[in-house]
Amino acid sequence: MLTPTEHDLAAAPPGAATVTFCFSDGVERSVAVPSGGSILAAGLEAGLPLTHQCRSGTCSSCLATLTAGDTGPVPGSNSSLFASEMAAGKRLLCVSQARGDCRFALDYASSGGEQVTTAQTFVNTVERVAADVMRLELELAEGSWIDFRPGQFIQLSVPGTDQTRSYSIASTPAQLPKIELLVRLIPGGVMSDWLLNRAAADAVVEIAGPYGAFFLREGEKAPHIMIAGGTGLAPMMAMIDQIRARPGRKPQILLSFGCTSVAGLFHREALALRQHWLPGLQVHLSVDHGAAVDGVRVGNPVEVVGQGGALDPASVAYLCGPPGMVEAARGHLEALGLSPENIFSERFVAS
Ligand code: FES
(Lines give C-alpha, C1' and ligand atoms only; values in the text may rest on other atoms or scores of the structure.)
Protein backbone atom coordinates (compact mmCIF):
# COMPACT_ATOMS: atom_id res chain seq x y z
CA MET A 1 0.00 0.00 0.00
CA LEU A 2 1.36 3.41 -0.93
CA THR A 3 1.49 6.25 1.56
CA PRO A 4 -0.41 9.42 0.57
CA THR A 5 2.51 11.19 -1.11
CA GLU A 6 5.68 9.44 -2.07
CA HIS A 7 8.49 10.56 -4.32
CA ASP A 8 10.98 8.40 -6.15
CA LEU A 9 13.18 11.16 -7.43
CA ALA A 10 16.43 10.68 -5.54
CA ALA A 11 18.27 9.13 -8.47
CA ALA A 12 16.65 11.22 -11.21
CA PRO A 13 18.86 11.27 -14.33
CA PRO A 14 19.76 14.66 -15.83
CA GLY A 15 16.98 15.95 -18.10
CA ALA A 16 14.37 13.72 -16.48
CA ALA A 17 10.87 15.09 -15.96
CA THR A 18 8.87 14.64 -12.79
CA VAL A 19 5.62 12.84 -13.48
CA THR A 20 3.03 12.67 -10.72
CA PHE A 21 0.33 9.99 -10.72
CA CYS A 22 -2.84 10.80 -8.77
CA PHE A 23 -4.73 7.64 -7.83
CA SER A 24 -8.48 7.67 -7.22
CA ASP A 25 -8.02 7.16 -3.45
CA GLY A 26 -6.09 10.43 -3.12
CA VAL A 27 -2.62 8.88 -3.10
CA GLU A 28 -0.06 10.75 -5.21
CA ARG A 29 3.23 9.28 -6.36
CA SER A 30 5.95 11.05 -8.34
CA VAL A 31 8.64 9.41 -10.44
CA ALA A 32 11.46 10.63 -12.67
CA VAL A 33 10.88 9.85 -16.35
CA PRO A 34 14.04 9.94 -18.51
CA SER A 35 13.92 12.15 -21.58
CA GLY A 36 12.32 10.26 -24.48
CA GLY A 37 11.30 7.32 -22.29
CA SER A 38 7.85 5.83 -21.87
CA ILE A 39 5.96 7.19 -18.85
CA LEU A 40 4.49 3.75 -18.22
CA ALA A 41 7.92 2.09 -18.24
CA ALA A 42 9.27 4.59 -15.69
CA GLY A 43 6.24 4.17 -13.46
CA LEU A 44 6.45 0.38 -13.54
CA GLU A 45 10.17 0.48 -12.88
CA ALA A 46 9.42 2.53 -9.76
CA GLY A 47 7.04 -0.19 -8.64
CA LEU A 48 3.78 1.70 -9.22
CA PRO A 49 0.67 -0.43 -9.78
CA LEU A 50 -0.10 1.02 -13.22
CA THR A 51 -2.63 -0.96 -15.25
CA HIS A 52 -1.23 -2.10 -18.59
CA GLN A 53 -1.21 -4.94 -21.07
CA CYS A 54 0.14 -4.55 -24.62
CA ARG A 55 2.68 -1.76 -23.95
CA SER A 56 2.33 -0.81 -27.61
CA GLY A 57 -0.56 1.68 -27.69
CA THR A 58 -3.32 -0.64 -28.85
CA CYS A 59 -5.25 -2.05 -25.87
CA SER A 60 -6.07 1.19 -23.94
CA SER A 61 -5.36 -0.51 -20.62
CA CYS A 62 -2.91 2.23 -19.58
CA LEU A 63 -5.33 5.10 -20.25
CA ALA A 64 -4.84 8.11 -17.97
CA THR A 65 -5.93 11.74 -17.96
CA LEU A 66 -3.30 14.46 -18.26
CA THR A 67 -4.27 17.22 -15.82
CA ALA A 68 -1.12 19.38 -16.01
CA GLY A 69 1.93 19.61 -18.24
CA ASP A 70 2.55 18.33 -21.73
CA THR A 71 3.42 15.02 -23.37
CA GLY A 72 4.50 13.77 -26.77
CA PRO A 73 4.63 10.38 -28.45
CA VAL A 74 7.51 8.02 -27.72
CA PRO A 75 9.53 7.97 -30.97
CA GLY A 76 8.40 5.21 -33.31
CA SER A 77 5.21 4.49 -31.36
CA ASN A 78 1.57 4.65 -32.35
CA SER A 79 -1.40 5.58 -30.18
CA SER A 80 -4.88 4.28 -30.91
CA LEU A 81 -6.49 7.35 -29.33
CA PHE A 82 -8.61 9.71 -31.41
CA ALA A 83 -7.70 13.37 -31.74
CA SER A 84 -10.82 14.24 -29.73
CA GLU A 85 -9.67 11.97 -26.88
CA MET A 86 -6.24 13.57 -26.92
CA ALA A 87 -7.90 16.99 -26.82
CA ALA A 88 -9.85 15.83 -23.75
CA GLY A 89 -6.54 15.05 -22.01
CA LYS A 90 -6.56 11.27 -22.50
CA ARG A 91 -3.16 9.66 -22.91
CA LEU A 92 -1.83 6.13 -23.25
CA LEU A 93 1.05 6.04 -20.79
CA CYS A 94 2.94 3.29 -22.64
CA VAL A 95 3.47 5.41 -25.76
CA SER A 96 3.73 8.85 -24.12
CA GLN A 97 6.86 10.71 -23.08
CA ALA A 98 6.88 13.74 -20.77
CA ARG A 99 7.67 17.15 -22.18
CA GLY A 100 8.48 18.65 -18.83
CA ASP A 101 6.85 17.94 -15.49
CA CYS A 102 3.28 16.70 -15.67
CA ARG A 103 0.45 15.16 -13.66
CA PHE A 104 -1.94 12.34 -14.47
CA ALA A 105 -5.26 11.34 -12.90
CA LEU A 106 -5.89 7.59 -12.72
CA ASP A 107 -9.35 6.14 -12.19
CA TYR A 108 -8.19 3.31 -9.96
CA ALA A 109 -6.83 3.19 -6.44
CA SER A 110 -3.21 2.95 -5.33
CA SER A 111 -3.83 -0.64 -4.32
CA GLY A 112 -3.75 -1.15 -8.10
CA GLY A 113 -6.18 -1.93 -10.83
CA GLU A 114 -7.30 -5.50 -10.86
CA GLN A 115 -4.42 -7.93 -10.65
CA VAL A 116 -3.94 -9.71 -13.95
CA THR A 117 -4.11 -13.43 -13.38
CA THR A 118 -4.11 -16.48 -15.58
CA ALA A 119 -6.75 -19.12 -15.12
CA GLN A 120 -7.76 -22.44 -16.57
CA THR A 121 -11.25 -22.80 -18.00
CA PHE A 122 -13.30 -25.46 -19.73
CA VAL A 123 -15.69 -24.93 -22.62
CA ASN A 124 -19.29 -25.26 -21.53
CA THR A 125 -21.03 -24.17 -24.71
CA VAL A 126 -20.04 -23.03 -28.15
CA GLU A 127 -22.87 -21.98 -30.41
CA ARG A 128 -23.44 -19.85 -33.48
CA VAL A 129 -25.80 -16.96 -32.69
CA ALA A 130 -25.56 -15.14 -36.06
CA ALA A 131 -23.99 -15.67 -39.46
CA ASP A 132 -20.63 -14.41 -38.22
CA VAL A 133 -20.90 -14.50 -34.42
CA MET A 134 -20.23 -17.34 -31.98
CA ARG A 135 -21.19 -17.39 -28.32
CA LEU A 136 -18.59 -19.12 -26.18
CA GLU A 137 -19.34 -19.98 -22.58
CA LEU A 138 -16.36 -20.95 -20.44
CA GLU A 139 -16.29 -22.18 -16.87
CA LEU A 140 -13.38 -21.62 -14.51
CA ALA A 141 -11.66 -24.81 -13.42
CA GLU A 142 -11.73 -25.75 -9.75
CA GLY A 143 -9.19 -23.60 -7.90
CA SER A 144 -9.00 -20.94 -10.65
CA TRP A 145 -10.43 -17.46 -10.29
CA ILE A 146 -10.40 -14.12 -12.05
CA ASP A 147 -11.76 -10.74 -10.98
CA PHE A 148 -13.04 -8.17 -13.44
CA ARG A 149 -15.33 -5.20 -13.83
CA PRO A 150 -18.28 -5.29 -16.28
CA GLY A 151 -16.98 -4.04 -19.63
CA GLN A 152 -13.40 -5.30 -19.33
CA PHE A 153 -11.80 -7.90 -21.57
CA ILE A 154 -9.70 -11.03 -21.18
CA GLN A 155 -7.10 -12.70 -23.34
CA LEU A 156 -7.56 -16.28 -24.51
CA SER A 157 -4.79 -18.62 -25.59
CA VAL A 158 -6.14 -20.24 -28.73
CA PRO A 159 -5.83 -24.01 -28.08
CA GLY A 160 -3.31 -25.80 -30.27
CA THR A 161 -1.55 -22.56 -31.27
CA ASP A 162 0.85 -20.06 -29.75
CA GLN A 163 -1.62 -17.23 -30.46
CA THR A 164 -3.71 -15.16 -28.07
CA ARG A 165 -6.86 -13.18 -28.78
CA SER A 166 -8.73 -10.63 -26.66
CA TYR A 167 -12.50 -10.53 -26.08
CA SER A 168 -14.81 -8.46 -23.92
CA ILE A 169 -16.72 -10.42 -21.31
CA ALA A 170 -20.49 -10.45 -21.93
CA SER A 171 -21.39 -11.75 -18.46
CA THR A 172 -21.07 -10.20 -15.01
CA PRO A 173 -18.75 -11.04 -12.10
CA ALA A 174 -21.81 -12.43 -10.27
CA GLN A 175 -22.09 -15.12 -12.97
CA LEU A 176 -18.63 -16.49 -12.24
CA PRO A 177 -17.39 -19.23 -12.50
CA LYS A 178 -19.14 -18.92 -15.89
CA ILE A 179 -17.73 -16.45 -18.41
CA GLU A 180 -19.56 -15.62 -21.62
CA LEU A 181 -17.87 -14.22 -24.73
CA LEU A 182 -19.13 -13.15 -28.15
CA VAL A 183 -16.62 -13.85 -30.91
CA ARG A 184 -16.85 -12.47 -34.43
CA LEU A 185 -15.89 -15.04 -37.03
CA ILE A 186 -13.13 -13.85 -39.31
CA PRO A 187 -12.21 -15.84 -42.44
CA GLY A 188 -8.82 -17.43 -41.81
CA GLY A 189 -8.71 -16.27 -38.15
CA VAL A 190 -7.06 -18.70 -35.74
CA MET A 191 -9.80 -18.35 -33.13
CA SER A 192 -12.50 -18.66 -35.79
CA ASP A 193 -10.85 -21.81 -37.11
CA TRP A 194 -10.71 -23.34 -33.63
CA LEU A 195 -14.32 -22.41 -32.83
CA LEU A 196 -15.67 -23.75 -36.10
CA ASN A 197 -13.59 -26.90 -36.40
CA ARG A 198 -12.18 -28.07 -33.10
CA ALA A 199 -13.86 -26.45 -30.09
CA ALA A 200 -15.99 -28.85 -28.08
CA ALA A 201 -17.43 -29.16 -24.60
CA ASP A 202 -14.76 -29.63 -21.92
CA ALA A 203 -11.90 -28.37 -24.10
CA VAL A 204 -9.32 -26.58 -21.94
CA VAL A 205 -8.74 -22.86 -22.59
CA GLU A 206 -6.25 -20.70 -20.70
CA ILE A 207 -7.32 -17.12 -20.06
CA ALA A 208 -5.60 -14.05 -18.61
CA GLY A 209 -7.02 -10.79 -17.35
CA PRO A 210 -8.75 -8.59 -16.60
CA TYR A 211 -7.66 -5.87 -19.00
CA GLY A 212 -8.90 -2.50 -20.14
CA ALA A 213 -10.09 0.86 -18.88
CA PHE A 214 -13.53 0.38 -20.44
CA PHE A 215 -15.82 -0.59 -17.60
CA LEU A 216 -19.08 0.48 -15.97
CA ARG A 217 -18.75 3.51 -13.70
CA GLU A 218 -20.66 2.11 -10.73
CA GLY A 219 -23.22 4.24 -8.94
CA GLU A 220 -23.67 6.70 -11.79
CA LYS A 221 -27.29 7.91 -11.73
CA ALA A 222 -27.23 10.02 -14.93
CA PRO A 223 -28.75 8.53 -18.10
CA HIS A 224 -26.56 5.94 -19.83
CA ILE A 225 -26.08 5.89 -23.58
CA MET A 226 -24.61 2.74 -25.08
CA ILE A 227 -23.70 2.45 -28.75
CA ALA A 228 -22.50 -0.94 -29.95
CA GLY A 229 -21.48 -2.35 -33.30
CA GLY A 230 -21.44 -6.14 -33.83
CA THR A 231 -19.76 -8.01 -30.98
CA GLY A 232 -19.27 -4.63 -29.32
CA LEU A 233 -22.57 -5.62 -27.72
CA ALA A 234 -20.71 -7.96 -25.34
CA PRO A 235 -19.52 -5.40 -22.76
CA MET A 236 -22.90 -3.64 -22.94
CA MET A 237 -24.64 -6.90 -21.96
CA ALA A 238 -22.34 -7.17 -18.96
CA MET A 239 -22.99 -3.56 -17.94
CA ILE A 240 -26.76 -3.80 -18.40
CA ASP A 241 -26.89 -6.98 -16.33
CA GLN A 242 -24.74 -5.39 -13.64
CA ILE A 243 -27.08 -2.37 -13.46
CA ARG A 244 -30.08 -4.66 -13.31
CA ALA A 245 -28.62 -6.65 -10.43
CA ARG A 246 -27.65 -3.75 -8.21
CA PRO A 247 -30.11 -2.42 -5.66
CA GLY A 248 -31.76 1.00 -5.81
CA ARG A 249 -32.92 3.28 -8.56
CA LYS A 250 -31.66 2.38 -12.02
CA PRO A 251 -30.51 4.96 -14.55
CA GLN A 252 -32.30 5.35 -17.87
CA ILE A 253 -30.38 3.39 -20.52
CA LEU A 254 -30.49 3.95 -24.26
CA LEU A 255 -28.79 1.12 -26.17
CA SER A 256 -28.27 1.55 -29.90
CA PHE A 257 -27.01 -1.69 -31.44
CA GLY A 258 -26.02 -2.05 -35.06
CA CYS A 259 -24.96 -4.91 -37.34
CA THR A 260 -24.26 -5.10 -41.05
CA SER A 261 -27.44 -7.04 -41.94
CA VAL A 262 -30.51 -8.63 -40.40
CA ALA A 263 -28.79 -12.03 -40.74
CA GLY A 264 -25.99 -10.67 -38.59
CA LEU A 265 -28.25 -9.42 -35.78
CA PHE A 266 -28.09 -11.50 -32.63
CA HIS A 267 -29.31 -11.47 -29.03
CA ARG A 268 -32.66 -9.89 -29.96
CA GLU A 269 -34.49 -12.11 -27.50
CA ALA A 270 -31.91 -11.48 -24.81
CA LEU A 271 -32.33 -7.73 -25.26
CA ALA A 272 -36.14 -7.99 -25.26
CA LEU A 273 -35.91 -9.90 -21.98
CA ARG A 274 -33.76 -7.19 -20.45
CA GLN A 275 -36.26 -4.53 -21.57
CA HIS A 276 -38.89 -6.52 -19.73
CA TRP A 277 -36.73 -6.59 -16.61
CA LEU A 278 -35.57 -2.98 -16.90
CA PRO A 279 -38.40 -0.62 -17.93
CA GLY A 280 -35.86 2.20 -18.25
CA LEU A 281 -33.96 0.35 -21.00
CA GLN A 282 -34.69 1.60 -24.51
CA VAL A 283 -33.21 -0.37 -27.44
CA HIS A 284 -32.69 0.71 -31.05
CA LEU A 285 -31.65 -1.94 -33.57
CA SER A 286 -30.04 -0.92 -36.86
CA VAL A 287 -28.57 -2.67 -39.88
CA ASP A 288 -26.27 -1.12 -42.45
CA HIS A 289 -28.06 -2.50 -45.49
CA GLY A 290 -31.03 -4.56 -46.62
CA ALA A 291 -34.68 -3.82 -45.97
CA ALA A 292 -36.08 -2.63 -42.65
CA VAL A 293 -37.93 -5.36 -40.76
CA ASP A 294 -40.09 -5.21 -37.69
CA GLY A 295 -38.20 -3.34 -34.99
CA VAL A 296 -35.05 -2.94 -37.08
CA ARG A 297 -34.20 0.22 -38.99
CA VAL A 298 -31.71 0.67 -41.83
CA GLY A 299 -28.93 3.09 -40.96
CA ASN A 300 -26.05 3.29 -38.56
CA PRO A 301 -26.48 2.98 -34.80
CA VAL A 302 -24.95 6.41 -34.18
CA GLU A 303 -27.30 8.75 -36.04
CA VAL A 304 -30.42 7.47 -34.26
CA VAL A 305 -29.13 8.64 -30.87
CA GLY A 306 -30.59 12.04 -30.06
CA GLN A 307 -33.34 11.85 -32.67
CA GLY A 308 -35.95 11.38 -29.97
CA GLY A 309 -35.14 14.70 -28.27
CA ALA A 310 -32.29 16.50 -26.53
CA LEU A 311 -29.89 14.37 -24.48
CA ASP A 312 -29.22 15.12 -20.85
CA PRO A 313 -25.75 16.75 -21.00
CA ALA A 314 -24.80 14.89 -17.82
CA SER A 315 -25.30 11.53 -19.57
CA VAL A 316 -22.48 8.98 -19.54
CA ALA A 317 -21.81 7.13 -22.75
CA TYR A 318 -20.20 3.78 -23.53
CA LEU A 319 -19.13 3.07 -27.11
CA CYS A 320 -17.82 -0.25 -28.39
CA GLY A 321 -17.29 -1.54 -31.89
CA PRO A 322 -15.20 -0.87 -35.00
CA PRO A 323 -12.93 2.21 -34.79
CA GLY A 324 -14.90 4.18 -37.41
CA MET A 325 -18.17 3.70 -35.54
CA VAL A 326 -16.63 4.63 -32.22
CA GLU A 327 -15.06 7.79 -33.62
CA ALA A 328 -18.33 8.82 -35.31
CA ALA A 329 -20.26 8.15 -32.10
CA ARG A 330 -17.85 10.19 -30.00
CA GLY A 331 -18.12 13.16 -32.39
CA HIS A 332 -21.91 12.87 -32.54
CA LEU A 333 -22.32 12.77 -28.76
CA GLU A 334 -19.97 15.68 -28.19
CA ALA A 335 -21.92 17.68 -30.80
CA LEU A 336 -25.08 16.85 -28.83
CA GLY A 337 -23.55 18.36 -25.70
CA LEU A 338 -22.02 15.40 -23.83
CA SER A 339 -18.81 16.09 -21.99
CA PRO A 340 -15.77 14.25 -23.48
CA GLU A 341 -14.79 12.96 -20.04
CA ASN A 342 -18.15 11.20 -19.73
CA ILE A 343 -17.63 9.24 -22.94
CA PHE A 344 -15.85 5.89 -22.58
CA SER A 345 -14.91 3.77 -25.56
CA GLU A 346 -13.40 0.51 -26.66
CA ARG A 347 -12.43 -0.25 -30.24
CA PHE A 348 -12.30 -3.69 -31.79
CA VAL A 349 -9.50 -4.40 -34.20
CA ALA A 350 -9.77 -7.68 -36.09
CA SER A 351 -6.73 -9.96 -36.00
S1 FES B 1 -0.62 -0.94 -22.29
FE2 FES B 1 -1.91 -1.25 -24.02
S3 FES B 1 -2.24 0.78 -24.76
FE4 FES B 1 -0.79 1.02 -23.19
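Just so you know, these numbers come straight off a predicted model, no measurement behind them. (Residues numbered from 1 in each chain as written. Predicted model: local features only at pLDDT ≥ 70, side-chain atom pairs only at ≥ 80, totals over all residues. Heavy atoms only, no water.)

1. Considering the sheet that holds strand 13 (residues 178–184)
Backbone-to-backbone hydrogen bonds join strands into a sheet, with any given pair of strands oriented parallel or antiparallel.
Part 1: With antiparallel pairing, six strands are arranged side by side in an open sheet as 12-11-14-9-10-13. Bordering the open sheet on either side are strand 12 (164–168) and strand 13, each of which pairs with just one other strand. Averaged over all pairs of adjacent strands, the angle between their axes in this sheet comes to 40°, without regard to strand direction.
Part 2: Direction of pairing for strand 9 (residues 117–130) relative to strand 14 (residues 204–211): antiparallel, over a ladder of six bridges. Residue pairing for strand 14: Thr121 is matched across the bridge by Val205.
Part 3: Helix 3 (residues 190–197) contacts strand 9, strand 10 (133–140), strand 11 (153–157), strand 12, strand 13 and strand 14 of the sheet and is inclined by roughly 80° relative to strand 10. (Pairing = 2+ DSSP bridges. Helix = DSSP H or I, 4+ residues; strand = E, 2+ residues; numbered from the N terminus. Axes fitted to C-alpha atoms, helices over the stretch in contact; angles between N-to-C directions. Contact = heavy atoms within 4.5 Å.)

2. A look at the domain arrangement of the protein chain
Part 1: Domain parsing of the protein chain yields domain 1 (5–105), domain 2 (117–211) and domain 3 (224–347).
Part 2: Residue-level contacts link four residues of domain 1 with four residues of domain 2.
Part 3: Overall, the association of domain 1 and domain 2 removes approximately 270 Å² of surface from exposure, summing both partners, and the carbon and sulfur fraction of that is 51%.
Part 4: It is Gln53, Cys59 and Ser61 that lose the most area in domain 1 upon contact with domain 2, and together they represent 88% of the buried surface on that side.
Part 5: Linking domain 1 with domain 2 are zero salt bridges. (Domains from an automatic or database assignment. Buried area = accessible area lost by both parts, 1.4 Å probe. Salt bridge = Lys/Arg side-chain N within 4 Å of Asp/Glu carboxyl O.)

3. Some thoughts on the packing of helix 4 (residues 233–245) against helix 5 (residues 268–277)
Part 1: Put simply, helix 4 and helix 5 touch, their axes get as near as 11 Å, and they point 25° apart. By the criterion of interaxial angle, the relationship of helix 4 to helix 5 is roughly parallel. Two packed elements cross with a definite hand, and for helix 4 against helix 5 that hand is left-handed. Between helix 4, through Leu233, Met237, Ile240, Asp241 and Arg244, and helix 5, the contact on the second element is made entirely by Ala270, Leu271, Arg274 and Trp277. (Parallel < 35°, antiparallel > 145°, perpendicular 65-115°, else oblique. Left-handed = near helix turned anticlockwise from the far one by under 90°.)

4. Notes on the sheet that holds strand 15 (residues 224–229)
Part 1: In spatial order, the strands read 18-17-16-15-19-20; together these six strands make up an open sheet with parallel pairing. Each edge of the open sheet is held by one strand with a lone partner, namely strand 18 (296–298) and strand 20 (343–347). Taken over all neighbouring pairs, the strand axes of this sheet differ in orientation by 15° on average, direction set aside.
Part 2: Direction of pairing for strand 19 (residues 316–321) relative to strand 20: parallel, over a ladder of five bridges. If you follow Ala317 over to strand 20, its bridge partner there is Ile343.
Part 3: Contacting strand 15, strand 16 (253–259), strand 17 (281–287) and strand 19, helix 4 runs over the sheet at an angle of about 150° to strand 15.

5. So, the pattern of salt bridges
Part 1: Within this structure, the stated rule accounts for twelve salt bridges.
Part 2: Notably, a salt bridge pairs Glu303 with Arg297, separated by 2.7 Å at the nearest N-O pair.
Part 3: Linked by salt bridges that have partners in common, Glu85, Arg330, Glu334 and Arg347 make up one network.

6. Quick look at the nonpolar core
Part 1: Met226, Leu233, Met236, Leu255, Phe257 and Tyr318 are the most contacted members of the largest nonpolar core, which totals 32 residues.
Part 2: Elements represented by at least two residues in this core include exactly strand 15, helix 4, strand 16, strand 17 and strand 19.
Part 3: In terms of residues, this core owes the most to one element, helix 4, which gives seven residues.
Part 4: Built from parts of two domains, this core gets at least three residues from each of domain 2 (117–211) and domain 3 (224–347).
Part 5: The residues contacting Leu255, other than those within four sequence positions of it, are Met226, Leu233, Met236, Ile240, Leu271, Leu281, Gln282, Val283 and His284.
Part 6: Grouped together as the second largest cluster of nonpolar side chains are 25 residues, Phe23, Leu50, Cys62 and Val95 included. (Core = buried A, V, L, I, M, F, W, Y, C linked by side-chain atoms within 4.5 Å. Buried < 20%, exposed > 50% of the residue type's maximum accessible area, 1.4 Å probe, protein only.)

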